[in-house]
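Report on the structure
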Amino acid sequence: MGGFLLGFDSAVISGAVNGIRTYFEMSDWQLGFSVGCLIFGAMAGNLLAGPLSDRFGRKKLLIITAMLFTISALWSATATTYVTFVIARIIGGVGIGGAILIAPIYIAEIAPPKLRGSLVSLNQLNIVLGISVAYFSNYFLINLEGESWRWMLGVEAIPALIYFLTLFTVPRSPRWLILKLNKVRLSS
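Residues numbered from 1 in each chain as written. Predicted model: local features only at pLDDT ≥ 70, side-chain atom pairs only at ≥ 80, totals over all residues. Heavy atoms only, no water.

1. What to know about the overall build of the protein chain
Where we set the bar: Numbering of helices and strands starts at the N terminus; helices are DSSP runs of H or I of at least 4 residues and strands are runs of E of at least 2. Only C-alpha atoms enter the radius of gyration, while the globule expectation follows 2.2 Å times N to the 0.38, with N the number of residues. Relative accessible area decides the class of each residue, using a 1.4 Å probe on protein chains only: under 20% of the type maximum gives buried, over 50% gives exposed, and in between gives partly exposed. Whether two residues are in contact is decided by their heavy atoms, any of which lying within 4.5 Å being enough. With residues, only the protein chains shown are counted as cover, and all accessible areas are computed by Shrake-Rupley using a 1.4 Å probe.
If you tally the helices and strands in the protein chain, you get 10 helices and 0 strands. When its helices and strands are written in sequence order, the protein chain yields α-α-α-α-α-α-α-α-α-α. Rg of the C-alpha trace for the protein chain: 18 Å, near the compact-globule value of 16 Å for 188 residues, within the 12% margin. For the protein chain, the C-alpha atoms occupy an extent of roughly 60 × 30 × 25 Å along the three principal directions. Counting across all 188 residues of the protein chain, residues that qualify as buried make up 45%. In the protein chain, the proportion of contacts linking residues at least 24 apart, taken out of those at least 6 apart, comes to 80%. For the protein chain, the computed accessible surface area is about 10,000 Å², with 72% contributed by carbon and sulfur atoms.

2. Quick notes on the packing of aromatic side chains
The cut-off we apply is this: Two aromatic rings from Phe, Tyr or Trp, using only the six-membered ring of Trp, form a pair when their centres are within 6.5 Å; if the ring planes differ by under 30 degrees the pair is stacked, by over 60 it is edge-to-face, and anything between is tilted. The rule for a charge over a ring is simple: NZ of Lys or CZ of Arg within 6 Å of the ring centre, and within 35 degrees of the ring normal.
Taken as a whole and assessed by the stated rule, the structure comprises 10 aromatic pairs. Considering the side-chain rings of Trp29 and Phe33, the 5.3 Å spacing of their centres and the 5° angle between planes classify their relative orientation as stacked. With a gap of 4 residues between them, Trp29 and Phe33 both fall in helix 3 (residues 28-36), about one helical turn apart. Given the relative accessible area of 27%, Phe33 is considered partly exposed. Arranged with centres 6.2 Å apart and planes meeting at 85°, the rings of Phe85 and Trp149 form a pair that is edge-to-face. Taken as a pair, Phe85 in helix 6 (residues 82-110) and Trp149 in helix 8 (residues 148-154) lie far apart in primary sequence, 64 residues in all. Note on accessibility: Phe85 and Trp149 belong to one class, buried. The structure contains a cluster of three or more aromatic residues connected by ring pairs, namely Tyr23, Phe24, Phe85 and Trp149. Above the plane of the ring of Tyr23 lies Arg150, whose end atom (NZ or CZ) is 4.6 Å from the centre.

3. Here's the deal with empty space enclosed by the protein
Empty space among the atoms becomes visible once a probe the size of a water molecule is rolled across them. Counted only if it meets this: We place a 1 Å grid over just the protein atoms. Points where a 1.4 Å probe fits but has no way out form a cavity, open points with protein on both sides within 12 Å along at least 5 of 7 lines form a pocket, and any residue with an atom within 4 Å of a point lines it. Grid points are joined across faces, edges and corners, and a volume is the space filled by probe spheres set on the points. Ten residues, namely Ala, Val, Leu, Ile, Met, Phe, Trp, Tyr, Cys and Pro, are considered nonpolar, four, namely Asp, Glu, Lys and Arg, are considered charged, and the remaining ones, Gly among them, are considered polar.
According to the stated counting rule, one finds 1 cavity of 30 Å³ or more in the structure shown. For the largest cavity, the calculated volume is near 40 Å³. What lines the largest cavity is Phe56, Gly57, Arg58, Lys59, Lys60, Arg172, Ser173 and Trp176. Looking at the lining of the largest cavity element by element, the count peaks at 3 residues for helix 5 (residues 58-78). Residue composition of the lining of the largest cavity, grouped by class: 2 nonpolar, 2 polar and 4 charged.

4. A short note on the nonpolar core
The criterion, for reference: We call a set of buried Ala, Val, Leu, Ile, Met, Phe, Trp, Tyr and Cys residues a nonpolar core when their side-chain atoms join them within 4.5 Å.
With 41 residues, the main nonpolar core has Ile20, Phe24, Met26, Leu62, Phe85, Trp149 and Leu153 as its most contacted residues. Those elements that place two or more of their residues in this core are helix 1 (2-11), helix 2 (13-24), helix 4 (38-56), helix 5, helix 6, helix 7 (116-141), helix 8 and helix 9 (157-166). For this core, the leading source of residues is helix 6, giving 8 residues. Residues within four places of Ile20 in sequence aside, it is in contact with Ile13, Glu25, Met26, Leu31, Ser34, Phe85 and Trp149.

5. Re helix 9
Selection criterion: By construction, the arc corresponds to the directions joining the helix axis to the C-beta atoms.
Residues of helix 9 that are buried: Ala157, Pro159, Ala160, Tyr163 and Phe164. The arc that holds the buried residues of helix 9, viewed along the axis, is 165°, so those residues lie on one side. Residues of helix 9 that are exposed and point over 90 degrees away from its buried face: Ile158 and Leu165. Those residues of helix 9 hidden inside the fold are in contact with helix 1, helix 5 and helix 8.

6. Let's talk about the packing of helix 3 against helix 6
Selection criterion: Orientation is described by axes fitted as lines to C-alpha atoms, over the contacting stretch for helices, and by angles from 0 to 180 degrees between their N-to-C directions. Geometric relationships in this document are graded by angle, where less than 35 degrees denotes roughly parallel, more than 145 denotes roughly antiparallel, 65 to 115 denotes roughly perpendicular, and other angles denote oblique.
Remark: helix 3 packs on helix 6, axes separated minimally by 8 Å, with the N-to-C direction vectors making an angle of 30°. The pairing of helix 3 with helix 6 is recorded here as roughly parallel in orientation. On helix 6, the residues that touch Trp29, Gln30, Phe33, Ser34 and Val35 of helix 3 are Tyr82, Phe85, Val86 and Arg89. Classifying every residue of the contact of helix 3 with helix 6 gives 6 nonpolar, 2 polar and 1 charged.

This is the structure in structure tokens:
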């Protein structure tokens, strides 16, 4: 699901461009920035995710990324000002940066050796699937009455919330637990 949401969040803005340009009365520069600002969040999320996951665990970081995807989807769909819209998109970018780094690490650490490569590849496939679903979702939502762009951006909250809830059922990374155990042994 992390890969799926990463792909979905990256691509969903494409269908909302005309709606957000009109609603927020954006210049070309503002439109470009509001679409591209996701990358700033992704860079920050990627820089922070590794050290934070080493400290707090892969599972906790994945839960945080799921929360960020949910918050970003709901906030960007309900934004009433340009600034709050950009902030919401940057928050989604932080989720993307975390998910792109931590999801494959978690999969690799938890998967049996024979399935490890296949499962990490499945994560990559889910990124492409998320991109495709975003385009199809936009296609079906474009003709809604009123501000369809809000639905396009907000629908991501459904898989993000499912991801958030299901993450509480997965185990912690055995590798992370061993690293923590070794630190405790060394310090005592």
